Amino acid sequence: MRCVACGAVYPLDPRMFSCPRCGGLLEVVAAEPPGVSWAAWKRRRPGVWRYREALPVPPGAKPVTIGEGATPLVDAELDGVRARVWVKFEGANPTGSFKDRGMTVGVTVARHVGARLVVAASTGNTASALAAYAARAGLRAVVVLPRGGVALGKLLQARLHGAVVVEVEGSFDRAMGMVLEAAREGYAYPLNSFNPIRLEGQKTIAYEVADDLGRAPDYVVVPVGNGGNIAAIWKGFKELHEWGLVDRLPVMIGVQAEGASPLVKAWRAGLREPVWVDKPSTVASAIRIGRPVNWVKAIKAVEESGGVFVAVSDEEILEAQRILARRVGLGVEPSSAAALAGILKLESEGFFRAGEEVVAVATGHALKDPDAMAKADADFRRASSVEELKSLLRSLAGAEA
Ligand code: AN7
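So, here is what we can say about the structure in this document. Not measured: the values here are computed from a predicted model.

Describing helix H8 (residues 228-242)
Three- or four-residue spacings in an α-helix give side chains the same orientation, since the helix completes a turn every 3.6 residues.
Point 1. Over its 15 residues, H8 runs 21 Å from end to end, which matches the ideal 21 Å to within 8%, given 1.5 Å per residue.
Point 2. Every buried residue of H8 is accounted for by Gly228, Asn229, Ile230, Ala231, Ala232, Ile233, Trp234, Lys235, Gly236, Phe237, Glu239 and Leu240.
Point 3. After H8 finishes, the residue Gly244 shows a positive phi value of roughly 75 degrees.

A word on the packing of helix H11 (residues 314-328) against helix H12 (residues 334-348)
Point 1. At a closest axis distance of 7 Å, the pairing of H11 and H12 adopts a crossing angle of 95 degrees. In terms of their interaxial angle, H11 and H12 are classed as roughly perpendicular. Across the interface between the two elements, Glu316, Ile317, Leu318, Ala320, Gln321, Ile323 and Leu324 of H11 pack against Pro334, Ala337, Ala338, Leu340, Ala341, Leu344 and Lys345 of H12.
Point 2. Grouping the constituent residues of the contact of H11 with H12 by class yields 11 nonpolar, 1 polar and 2 charged.

Here we look at the pattern of salt bridges
Point 1. Evaluated as defined, the whole model comprises 25 salt bridges.
Point 2. As a salt-bridge pair, Arg353 and Glu356 come within 3.7 Å of each other at their nearest N and O atoms.
Point 3. Overall, Arg353 belongs to the exposed group, its relative accessible area being 62%.
Point 4. Overlapping salt bridges, with partners in common, bring together Lys88, Glu90, Arg101 and Glu208 in one network.

Thoughts on the sheet that holds strand E4 (residues 84-89)
Point 1. Reading across from one edge, E3-E4-E12-E9-E10-E11 is the order of the 6 strands in this open sheet, with mixed pairing throughout. At either margin of the open sheet sits one strand with a lone partner, and together these are strand E3 (73-75) and strand E11 (308-312). Pairs of neighbouring strands in the sheet enclose a mean axial angle of 25 degrees, with direction left out of account.
Point 2. As judged from the 5 bridges shared by strand E9 (residues 219-223) and strand E10 (residues 251-257), these two strands associate in the parallel manner. Across the sheet, residue Pro223 finds its bridge partner in E10, namely Val255.
Point 3. Seen against the sheet, H11 touches E3, E4, E10 and E11 and runs at an angle of roughly 90 degrees to E11.

Focus: the packing of aromatic side chains
Point 1. Going through the model one piece at a time under the given rule, you end up with 10 aromatic pairs.
Point 2. With 5.4 Å between their ring centres and 70 degrees between their planes, Trp267 and Phe309 make a pair best called edge-to-face. In this pair, Trp267 is assigned in helix H9 (residues 262-268) and Phe309 in strand E11, connecting sequence segments 42 residues apart. The exposure classification of Trp267 matches that of Phe309, with both residues buried.
Point 3. When the centroid spacing of 5.1 Å and the interplanar angle of 80 degrees are considered together, the rings of Phe351 and Phe352 count as edge-to-face.
Point 4. Phe351 gets classed as partly exposed once you look at its relative accessible area, which sits at 31%.
Point 5. The buried category is assigned to Phe352, whose relative accessible area is 0%.
Point 6. Ring-pair connections join several aromatic residues into one group, and the members of that group are Trp38, Trp41, Tyr51 and Tyr207.
Point 7. Sitting over the ring of Trp267, Arg272 keeps its end group 4.3 Å from the ring centre.

Focus on the site of the ligand
Point 1. Lining the immediate environment of the ligand, one finds 22 residues, of which Asn125, Thr126, Asn226, Gly227 and Thr363 sit closest.
Point 2. Contacts to the ligand include Asn229, whose backbone N or O atom sits 2.8 Å from an oxygen atom.
Point 3. For the ligand, whose accessible area on its own is 480 Å², the fraction buried by protein is 99%.
Point 4. In this structure, the ligand is accommodated by the largest cavity.
Point 5. The set of elements that each furnish at least two residues to the shell around the ligand consists of helix H3 (125-137), H8 and H12.
Point 6. Its residues placed into classes, the shell around the ligand shows 6 nonpolar, 14 polar and 2 charged.

Some details on the pairing of strand E12 (residues 357-362)
Point 1. Burial analysis of E12 places 6 of its 6 residues in the buried class, the great majority of the element.
Point 2. Of the two faces of E12, the one lined by Glu357, Val359 and Val361 and the one lined by Val358, Ala360 and Ala362 are each fully buried.
Point 3. Where E4 lies against E12, 6 bridges are found, and the strand directions are parallel. Across the sheet, Val87 pairs through a bridge with Ala360, a residue of E12.
Point 4. As paired strands, E9 and E12 are joined by 3 bridges and run parallel to one another. Note on E12: the bridge partner recorded for Tyr219 is Val358.

Remarks on the nonpolar core
Across soluble globular proteins, nonpolar side chains have a tendency to be buried as a group.
Point 1. Among the nonpolar cores identified, the biggest contains 40 residues, and Val107, Val118, Leu130 and Leu191 are the most heavily contacted of them.
Point 2. Elements supplying a minimum of two residues to this core: helix H2 (99-112), strand E5 (117-121), H3, strand E6 (140-146) and helix H5 (172-184).
Point 3. Broken down by element, the residue count for this core peaks at 8 residues, all from H3.
Point 4. When near neighbours in sequence (up to four residues on either side) are disregarded, Leu130 contacts Met103, Val107, Val118, Val119, Ala120, Ala141, Val142, Val143 and Leu191.
Point 5. In this structure, Trp41, Phe237, Leu263 and Ile299 belong to the second largest nonpolar core, which totals 39 residues.

How each quantity is defined
- Residues numbered from 1 in each chain as written.
- Predicted model: local features only at pLDDT ≥ 70, side-chain atom pairs only at ≥ 80, totals over all residues.
- Heavy atoms only, no water.
- Helix = DSSP H or I, 4+ residues; strand = E, 2+ residues; numbered from the N terminus.
- Expected span 1.5 Å × (residues − 1).
- Buried < 20%, exposed > 50% of the residue type's maximum accessible area, 1.4 Å probe, protein only.
- Axes fitted to C-alpha atoms, helices over the stretch in contact; angles between N-to-C directions.
- Parallel < 35°, antiparallel > 145°, perpendicular 65-115°, else oblique.
- Contact = heavy atoms within 4.5 Å.
- Nonpolar A, V, L, I, M, F, W, Y, C, P; charged D, E, K, R; others polar.
- Salt bridge = Lys/Arg side-chain N within 4 Å of Asp/Glu carboxyl O.
- Pairing = 2+ DSSP bridges.
- Phe/Tyr/Trp six-rings, centres within 6.5 Å; stacked < 30°, edge-to-face > 60°.
- Lys NZ or Arg CZ within 6 Å of the ring centre and 35° of its normal.
- Near = heavy atom within 4 Å.
- Polar contact = N/O pair within 3.5 Å; in protein donor to acceptor, adjacent residues only side chain to side chain.
- Areas by Shrake-Rupley, 256 points an atom, 1.4 Å probe, with all protein chains shown as cover.
- 1 Å grid on protein atoms, 1.4 Å probe; cavity = no way out; pocket = protein on both sides within 12 Å on 5 of 7 lines; lining within 4 Å.
- Sits in = over half its atoms within 2 Å of the grid points.
- Core = buried A, V, L, I, M, F, W, Y, C linked by side-chain atoms within 4.5 Å.

If you want it as C-alpha coordinates, here you go:
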(Lines give C-alpha, C1' and ligand atoms only; values in the text may rest on other atoms or scores of the structure.)
Protein backbone atom coordinates (compact mmCIF):
# COMPACT_ATOMS: atom_id res chain seq x y z
CA MET A 1 0.00 0.00 0.00
CA ARG A 2 1.19 3.51 -0.75
CA CYS A 3 0.23 6.83 0.80
CA VAL A 4 -1.03 9.19 -1.89
CA ALA A 5 0.12 12.19 0.17
CA CYS A 6 3.67 11.37 1.33
CA GLY A 7 4.47 8.32 -0.80
CA ALA A 8 5.32 6.03 2.14
CA VAL A 9 4.96 2.33 1.23
CA TYR A 10 3.60 -0.39 3.52
CA PRO A 11 2.81 -4.10 3.22
CA LEU A 12 -0.84 -4.79 2.36
CA ASP A 13 -2.85 -4.45 5.57
CA PRO A 14 -6.65 -4.63 5.22
CA ARG A 15 -7.00 -2.96 8.62
CA MET A 16 -4.97 0.13 7.76
CA PHE A 17 -7.13 2.99 6.46
CA SER A 18 -4.76 5.93 6.56
CA CYS A 19 -1.02 6.54 6.48
CA PRO A 20 0.47 5.98 9.95
CA ARG A 21 3.10 8.58 9.14
CA CYS A 22 1.03 11.51 7.78
CA GLY A 23 -2.63 10.48 7.94
CA GLY A 24 -2.98 10.54 4.14
CA LEU A 25 -5.16 8.26 2.01
CA LEU A 26 -3.72 4.91 1.01
CA GLU A 27 -3.90 3.12 -2.30
CA VAL A 28 -3.16 -0.48 -3.13
CA VAL A 29 -0.15 -0.90 -5.40
CA ALA A 30 -0.99 -3.76 -7.73
CA ALA A 31 1.98 -5.74 -9.02
CA GLU A 32 1.84 -6.97 -12.60
CA PRO A 33 0.11 -10.34 -12.42
CA PRO A 34 2.32 -13.01 -13.99
CA GLY A 35 1.11 -14.49 -17.26
CA VAL A 36 -1.91 -12.26 -17.61
CA SER A 37 -3.30 -11.50 -21.06
CA TRP A 38 -6.70 -10.65 -22.51
CA ALA A 39 -6.86 -14.14 -23.97
CA ALA A 40 -6.34 -15.72 -20.55
CA TRP A 41 -8.91 -13.46 -18.94
CA LYS A 42 -11.44 -14.00 -21.73
CA ARG A 43 -11.43 -17.74 -21.05
CA ARG A 44 -13.23 -16.99 -17.77
CA ARG A 45 -16.81 -15.84 -17.24
CA PRO A 46 -17.13 -12.07 -17.48
CA GLY A 47 -17.43 -10.05 -14.27
CA VAL A 48 -15.25 -8.69 -11.49
CA TRP A 49 -13.59 -12.03 -10.69
CA ARG A 50 -12.42 -12.55 -14.28
CA TYR A 51 -9.58 -10.20 -13.25
CA ARG A 52 -8.83 -11.82 -9.89
CA GLU A 53 -5.02 -11.75 -10.24
CA ALA A 54 -5.26 -7.97 -10.21
CA LEU A 55 -7.35 -7.87 -7.02
CA PRO A 56 -5.79 -7.68 -3.52
CA VAL A 57 -7.43 -10.88 -2.34
CA PRO A 58 -5.35 -13.52 -0.53
CA PRO A 59 -5.25 -16.87 -2.38
CA GLY A 60 -7.08 -18.62 0.48
CA ALA A 61 -10.03 -16.23 0.52
CA LYS A 62 -13.29 -17.51 -0.97
CA PRO A 63 -14.96 -14.74 -2.99
CA VAL A 64 -18.26 -13.37 -1.69
CA THR A 65 -19.92 -13.01 -5.07
CA ILE A 66 -23.44 -12.49 -6.40
CA GLY A 67 -22.54 -12.14 -10.07
CA GLU A 68 -21.40 -8.52 -10.06
CA GLY A 69 -19.81 -6.75 -13.03
CA ALA A 70 -20.21 -7.86 -16.66
CA THR A 71 -22.50 -4.87 -17.17
CA PRO A 72 -23.55 -3.82 -20.69
CA LEU A 73 -21.59 -1.22 -22.64
CA VAL A 74 -24.33 0.32 -24.74
CA ASP A 75 -23.77 2.37 -27.89
CA ALA A 76 -26.08 5.32 -27.21
CA GLU A 77 -26.36 6.26 -30.90
CA LEU A 78 -27.25 9.83 -29.97
CA ASP A 79 -28.24 12.07 -32.87
CA GLY A 80 -26.68 15.48 -32.96
CA VAL A 81 -23.68 14.50 -30.83
CA ARG A 82 -20.40 14.36 -32.72
CA ALA A 83 -18.69 12.19 -30.15
CA ARG A 84 -19.55 8.49 -30.08
CA VAL A 85 -21.15 8.00 -26.68
CA TRP A 86 -21.11 4.61 -24.95
CA VAL A 87 -22.97 4.04 -21.72
CA LYS A 88 -21.53 1.60 -19.18
CA PHE A 89 -24.76 0.60 -17.45
CA GLU A 90 -23.79 -0.15 -13.88
CA GLY A 91 -27.46 -0.32 -12.92
CA ALA A 92 -27.27 -3.92 -14.18
CA ASN A 93 -25.28 -4.99 -11.10
CA PRO A 94 -27.01 -7.25 -8.53
CA THR A 95 -28.09 -4.44 -6.20
CA GLY A 96 -28.38 -1.91 -9.02
CA SER A 97 -25.17 0.10 -8.74
CA PHE A 98 -21.39 -0.02 -9.29
CA LYS A 99 -20.89 -0.32 -5.53
CA ASP A 100 -21.31 -4.09 -5.90
CA ARG A 101 -17.90 -4.27 -7.59
CA GLY A 102 -16.26 -2.75 -4.56
CA MET A 103 -18.27 -4.72 -2.05
CA THR A 104 -17.60 -8.14 -3.58
CA VAL A 105 -13.88 -7.51 -3.02
CA GLY A 106 -14.19 -5.53 0.22
CA VAL A 107 -16.53 -7.98 1.95
CA THR A 108 -14.43 -10.95 0.76
CA VAL A 109 -11.37 -9.46 2.42
CA ALA A 110 -13.30 -8.32 5.52
CA ARG A 111 -14.56 -11.84 6.11
CA HIS A 112 -11.12 -13.30 5.43
CA VAL A 113 -9.50 -11.13 8.12
CA GLY A 114 -12.14 -12.16 10.62
CA ALA A 115 -14.46 -9.15 10.66
CA ARG A 116 -17.94 -9.91 12.07
CA LEU A 117 -19.45 -6.44 11.95
CA VAL A 118 -19.11 -4.14 8.92
CA VAL A 119 -20.13 -0.50 8.69
CA ALA A 120 -20.45 2.26 6.10
CA ALA A 121 -21.84 5.77 5.85
CA SER A 122 -23.85 6.18 2.69
CA THR A 123 -26.03 8.27 0.44
CA GLY A 124 -27.76 4.95 -0.29
CA ASN A 125 -26.03 2.77 -2.85
CA THR A 126 -23.10 1.83 -0.65
CA ALA A 127 -25.65 0.91 2.01
CA SER A 128 -27.68 -1.42 -0.20
CA ALA A 129 -24.57 -3.05 -1.66
CA LEU A 130 -22.99 -3.56 1.76
CA ALA A 131 -26.25 -4.97 3.11
CA ALA A 132 -26.49 -7.56 0.33
CA TYR A 133 -22.84 -8.65 0.37
CA ALA A 134 -22.73 -8.82 4.18
CA ALA A 135 -25.89 -10.96 4.08
CA ARG A 136 -24.23 -13.23 1.55
CA ALA A 137 -21.09 -13.48 3.70
CA GLY A 138 -22.92 -14.02 6.97
CA LEU A 139 -21.69 -10.74 8.47
CA ARG A 140 -23.67 -8.13 10.39
CA ALA A 141 -23.96 -4.80 8.54
CA VAL A 142 -24.63 -1.33 9.91
CA VAL A 143 -25.27 1.55 7.52
CA VAL A 144 -25.28 5.18 8.62
CA LEU A 145 -27.40 7.51 6.50
CA PRO A 146 -28.44 11.15 6.42
CA ARG A 147 -32.08 11.18 7.54
CA GLY A 148 -34.35 12.22 4.68
CA GLY A 149 -31.39 12.29 2.27
CA VAL A 150 -31.55 8.80 0.80
CA ALA A 151 -33.69 7.62 -2.13
CA LEU A 152 -36.49 5.30 -1.04
CA GLY A 153 -35.39 2.28 -3.07
CA LYS A 154 -31.93 2.27 -1.48
CA LEU A 155 -33.21 2.79 2.05
CA LEU A 156 -35.63 -0.13 1.82
CA GLN A 157 -33.11 -2.30 -0.02
CA ALA A 158 -30.70 -1.99 2.90
CA ARG A 159 -33.43 -3.16 5.29
CA LEU A 160 -34.59 -5.90 2.92
CA HIS A 161 -31.10 -7.40 3.10
CA GLY A 162 -31.16 -7.12 6.88
CA ALA A 163 -28.70 -4.30 7.58
CA VAL A 164 -29.15 -2.20 10.69
CA VAL A 165 -30.10 1.22 9.32
CA VAL A 166 -29.00 4.18 11.42
CA GLU A 167 -30.33 7.59 10.42
CA VAL A 168 -28.45 10.68 11.55
CA GLU A 169 -29.43 14.34 11.37
CA GLY A 170 -27.51 16.45 8.89
CA SER A 171 -25.70 15.64 5.68
CA PHE A 172 -23.89 12.55 4.43
CA ASP A 173 -20.63 14.26 5.37
CA ARG A 174 -21.60 14.17 9.06
CA ALA A 175 -22.48 10.46 8.80
CA MET A 176 -19.11 9.83 7.17
CA GLY A 177 -17.29 11.70 9.94
CA MET A 178 -19.04 9.55 12.55
CA VAL A 179 -18.17 6.31 10.75
CA LEU A 180 -14.53 7.36 10.29
CA GLU A 181 -14.13 7.97 14.00
CA ALA A 182 -15.89 4.78 15.09
CA ALA A 183 -13.92 2.70 12.58
CA ARG A 184 -10.61 4.25 13.61
CA GLU A 185 -11.37 3.17 17.17
CA GLY A 186 -12.04 -0.38 15.98
CA TYR A 187 -15.80 -0.60 16.58
CA ALA A 188 -16.48 -2.23 13.20
CA TYR A 189 -14.78 -2.96 9.86
CA PRO A 190 -15.43 0.02 7.55
CA LEU A 191 -16.31 -0.40 3.88
CA ASN A 192 -16.45 3.19 2.76
CA SER A 193 -14.21 4.21 -0.10
CA PHE A 194 -11.44 5.44 2.22
CA ASN A 195 -10.84 1.69 2.42
CA PRO A 196 -8.59 1.24 -0.63
CA ILE A 197 -9.42 -2.45 -0.98
CA ARG A 198 -13.00 -1.65 -1.94
CA LEU A 199 -11.78 0.67 -4.70
CA GLU A 200 -9.75 -2.19 -6.18
CA GLY A 201 -13.05 -3.88 -7.05
CA GLN A 202 -14.34 -0.72 -8.70
CA LYS A 203 -11.31 -0.43 -10.98
CA THR A 204 -12.74 -3.37 -12.91
CA ILE A 205 -15.04 -0.86 -14.65
CA ALA A 206 -11.93 0.19 -16.57
CA TYR A 207 -10.92 -3.41 -17.23
CA GLU A 208 -14.36 -4.25 -18.62
CA VAL A 209 -14.55 -1.19 -20.85
CA ALA A 210 -11.15 -2.06 -22.35
CA ASP A 211 -12.09 -5.74 -22.53
CA ASP A 212 -15.28 -4.88 -24.49
CA LEU A 213 -13.94 -2.12 -26.76
CA GLY A 214 -10.57 -3.77 -27.33
CA ARG A 215 -8.92 -0.46 -26.41
CA ALA A 216 -9.21 2.48 -24.04
CA PRO A 217 -11.79 5.10 -25.12
CA ASP A 218 -10.78 8.73 -25.61
CA TYR A 219 -12.75 9.92 -22.58
CA VAL A 220 -14.38 8.41 -19.51
CA VAL A 221 -17.00 10.56 -17.82
CA VAL A 222 -17.88 9.78 -14.21
CA PRO A 223 -20.31 11.33 -11.72
CA VAL A 224 -18.33 12.36 -8.65
CA GLY A 225 -19.43 12.34 -5.01
CA ASN A 226 -16.66 11.15 -2.71
CA GLY A 227 -14.37 10.78 -5.70
CA GLY A 228 -13.49 7.15 -5.10
CA ASN A 229 -14.92 5.78 -8.31
CA ILE A 230 -13.22 8.15 -10.74
CA ALA A 231 -9.92 7.44 -8.96
CA ALA A 232 -10.51 3.69 -9.10
CA ILE A 233 -11.32 3.75 -12.82
CA TRP A 234 -8.24 5.84 -13.59
CA LYS A 235 -6.11 3.42 -11.58
CA GLY A 236 -7.57 0.54 -13.58
CA PHE A 237 -6.61 2.10 -16.90
CA LYS A 238 -3.14 2.98 -15.67
CA GLU A 239 -2.53 -0.63 -14.66
CA LEU A 240 -3.70 -1.97 -18.01
CA HIS A 241 -1.39 0.51 -19.70
CA GLU A 242 1.60 -0.42 -17.52
CA TRP A 243 1.01 -4.09 -18.22
CA GLY A 244 0.77 -3.54 -21.97
CA LEU A 245 -2.93 -4.44 -22.16
CA VAL A 246 -3.99 -1.10 -23.63
CA ASP A 247 -1.80 1.16 -25.73
CA ARG A 248 -3.09 4.52 -24.49
CA LEU A 249 -4.90 6.12 -21.59
CA PRO A 250 -8.27 7.87 -21.59
CA VAL A 251 -8.94 11.40 -20.38
CA MET A 252 -10.99 11.41 -17.18
CA ILE A 253 -13.86 13.87 -16.73
CA GLY A 254 -15.52 14.30 -13.34
CA VAL A 255 -19.08 15.63 -13.19
CA GLN A 256 -20.70 17.12 -10.09
CA ALA A 257 -24.10 18.69 -9.49
CA GLU A 258 -23.92 22.47 -9.18
CA GLY A 259 -25.28 22.43 -5.62
CA ALA A 260 -22.71 19.85 -4.49
CA SER A 261 -19.59 20.73 -6.43
CA PRO A 262 -16.60 21.17 -4.11
CA LEU A 263 -14.18 19.76 -6.67
CA VAL A 264 -15.51 21.80 -9.59
CA LYS A 265 -15.21 24.97 -7.52
CA ALA A 266 -11.63 24.10 -6.64
CA TRP A 267 -10.83 23.25 -10.25
CA ARG A 268 -12.20 26.56 -11.55
CA ALA A 269 -10.24 28.47 -8.93
CA GLY A 270 -7.06 26.65 -9.92
CA LEU A 271 -6.78 25.12 -6.45
CA ARG A 272 -5.66 21.55 -5.93
CA GLU A 273 -7.76 21.08 -2.82
CA PRO A 274 -11.53 21.17 -2.52
CA VAL A 275 -13.69 24.09 -1.47
CA TRP A 276 -15.97 22.41 1.09
CA VAL A 277 -19.71 22.80 0.62
CA ASP A 278 -21.51 22.83 3.98
CA LYS A 279 -25.08 22.31 2.79
CA PRO A 280 -24.87 20.30 -0.43
CA SER A 281 -28.12 20.35 -2.38
CA THR A 282 -29.16 18.59 -5.60
CA VAL A 283 -31.85 16.28 -6.96
CA ALA A 284 -29.03 13.74 -7.41
CA SER A 285 -29.04 12.50 -3.81
CA ALA A 286 -26.29 9.89 -4.35
CA ILE A 287 -23.76 12.65 -5.02
CA ARG A 288 -25.12 15.16 -2.50
CA ILE A 289 -21.70 15.31 -0.88
CA GLY A 290 -19.89 18.45 0.27
CA ARG A 291 -16.64 17.01 1.68
CA PRO A 292 -15.41 14.25 -0.61
CA VAL A 293 -13.11 11.92 1.34
CA ASN A 294 -11.19 10.88 -1.76
CA TRP A 295 -10.61 14.40 -3.05
CA VAL A 296 -6.83 13.93 -3.33
CA LYS A 297 -7.23 10.85 -5.51
CA ALA A 298 -10.04 12.35 -7.61
CA ILE A 299 -8.11 15.54 -8.40
CA LYS A 300 -5.03 13.46 -9.23
CA ALA A 301 -7.01 11.28 -11.64
CA VAL A 302 -8.39 14.26 -13.53
CA GLU A 303 -5.10 16.15 -13.50
CA GLU A 304 -2.84 13.25 -14.52
CA SER A 305 -5.16 12.27 -17.35
CA GLY A 306 -5.45 15.82 -18.69
CA GLY A 307 -9.18 16.01 -17.93
CA VAL A 308 -11.57 18.49 -16.36
CA PHE A 309 -14.25 18.74 -13.69
CA VAL A 310 -17.61 20.10 -14.83
CA ALA A 311 -20.77 21.08 -12.97
CA VAL A 312 -24.29 20.46 -14.27
CA SER A 313 -27.60 21.84 -13.05
CA ASP A 314 -30.46 19.72 -11.73
CA GLU A 315 -32.42 20.57 -14.90
CA GLU A 316 -29.56 19.33 -17.07
CA ILE A 317 -29.39 16.14 -15.00
CA LEU A 318 -33.10 15.45 -15.36
CA GLU A 319 -32.97 16.18 -19.08
CA ALA A 320 -30.11 13.68 -19.47
CA GLN A 321 -32.10 11.15 -17.45
CA ARG A 322 -35.01 11.64 -19.88
CA ILE A 323 -32.75 11.21 -22.93
CA LEU A 324 -31.27 7.99 -21.56
CA ALA A 325 -34.72 6.65 -20.70
CA ARG A 326 -36.59 7.68 -23.84
CA ARG A 327 -33.96 7.52 -26.58
CA VAL A 328 -31.44 4.98 -25.35
CA GLY A 329 -33.77 2.79 -23.30
CA LEU A 330 -31.70 2.95 -20.12
CA GLY A 331 -33.28 3.89 -16.80
CA VAL A 332 -30.70 5.52 -14.57
CA GLU A 333 -30.95 7.45 -11.33
CA PRO A 334 -30.28 11.22 -11.46
CA SER A 335 -26.69 10.96 -10.18
CA SER A 336 -25.87 8.62 -13.03
CA ALA A 337 -27.50 10.88 -15.58
CA ALA A 338 -25.06 13.57 -14.48
CA ALA A 339 -22.43 11.82 -16.62
CA LEU A 340 -24.43 12.30 -19.82
CA ALA A 341 -25.41 15.81 -18.73
CA GLY A 342 -21.70 16.60 -18.50
CA ILE A 343 -21.06 15.15 -21.94
CA LEU A 344 -23.88 17.18 -23.50
CA LYS A 345 -22.61 20.34 -21.84
CA LEU A 346 -19.06 19.78 -23.11
CA GLU A 347 -20.38 18.80 -26.54
CA SER A 348 -22.30 22.10 -26.76
CA GLU A 349 -19.01 23.90 -26.06
CA GLY A 350 -17.30 22.05 -28.92
CA PHE A 351 -15.12 20.03 -26.55
CA PHE A 352 -15.18 16.71 -28.44
CA ARG A 353 -14.05 16.01 -31.99
CA ALA A 354 -16.16 14.00 -34.41
CA GLY A 355 -15.95 10.27 -33.75
CA GLU A 356 -14.12 10.50 -30.45
CA GLU A 357 -15.17 7.73 -28.12
CA VAL A 358 -16.68 8.81 -24.83
CA VAL A 359 -17.81 6.38 -22.15
CA ALA A 360 -20.41 7.63 -19.67
CA VAL A 361 -20.42 5.60 -16.48
CA ALA A 362 -24.10 5.27 -15.58
CA THR A 363 -23.54 4.36 -11.97
CA GLY A 364 -26.99 3.35 -10.70
CA HIS A 365 -30.46 2.15 -11.72
CA ALA A 366 -33.53 4.41 -12.07
CA LEU A 367 -35.52 2.08 -9.79
CA LYS A 368 -33.35 3.20 -6.89
CA ASP A 369 -35.09 6.55 -6.79
CA PRO A 370 -38.85 6.32 -7.40
CA ASP A 371 -39.41 9.88 -6.17
CA ALA A 372 -37.11 11.23 -8.87
CA MET A 373 -39.02 9.22 -11.48
CA ALA A 374 -42.32 10.58 -10.16
CA LYS A 375 -40.97 14.12 -10.33
CA ALA A 376 -39.73 13.57 -13.88
CA ASP A 377 -43.09 12.36 -15.15
CA ALA A 378 -46.13 10.89 -13.45
CA ASP A 379 -48.66 11.68 -16.16
CA PHE A 380 -51.04 8.72 -16.33
CA ARG A 381 -54.09 8.15 -18.54
CA ARG A 382 -57.28 6.37 -17.60
CA ALA A 383 -59.74 4.20 -19.47
CA SER A 384 -63.02 3.19 -17.89
CA SER A 385 -64.03 0.96 -20.80
CA VAL A 386 -62.54 -0.88 -23.75
CA GLU A 387 -64.16 1.76 -25.97
CA GLU A 388 -62.13 4.46 -24.26
CA LEU A 389 -58.98 2.39 -24.61
CA LYS A 390 -59.66 1.90 -28.34
CA SER A 391 -60.31 5.57 -28.82
CA LEU A 392 -57.04 6.41 -27.11
CA LEU A 393 -55.18 3.87 -29.27
CA ARG A 394 -56.82 5.33 -32.40
CA SER A 395 -55.73 8.83 -31.53
CA LEU A 396 -52.19 7.65 -30.77
CA ALA A 397 -51.99 5.67 -34.02
CA GLY A 398 -53.24 8.77 -35.82
CA ALA A 399 -50.57 10.87 -34.15
CA GLU A 400 -48.00 8.33 -35.38
CA ALA A 401 -49.15 8.56 -39.00
C1 AN7 B 1 -25.25 6.32 -8.33
O2 AN7 B 1 -23.62 5.27 -1.74
O3 AN7 B 1 -21.31 7.80 -1.91
O4 AN7 B 1 -17.48 9.60 -6.34
O5 AN7 B 1 -22.68 6.36 -0.12
O6 AN7 B 1 -24.36 6.13 -5.66
O7 AN7 B 1 -17.11 7.22 -5.74
O8 AN7 B 1 -18.53 8.67 -4.31
C9 AN7 B 1 -22.62 6.94 -3.68
C10 AN7 B 1 -21.95 7.48 -4.70
C11 AN7 B 1 -22.10 8.19 -8.33
C12 AN7 B 1 -20.38 8.81 -6.68
N13 AN7 B 1 -23.24 7.62 -8.70
O14 AN7 B 1 -19.30 7.93 -6.54
C15 AN7 B 1 -22.86 6.15 -1.33
C16 AN7 B 1 -22.19 7.03 -2.30
C17 AN7 B 1 -24.00 6.93 -7.83
C18 AN7 B 1 -23.59 6.83 -6.50
C19 AN7 B 1 -21.65 8.13 -7.02
C20 AN7 B 1 -22.41 7.47 -6.07
P21 AN7 B 1 -18.02 8.37 -5.69
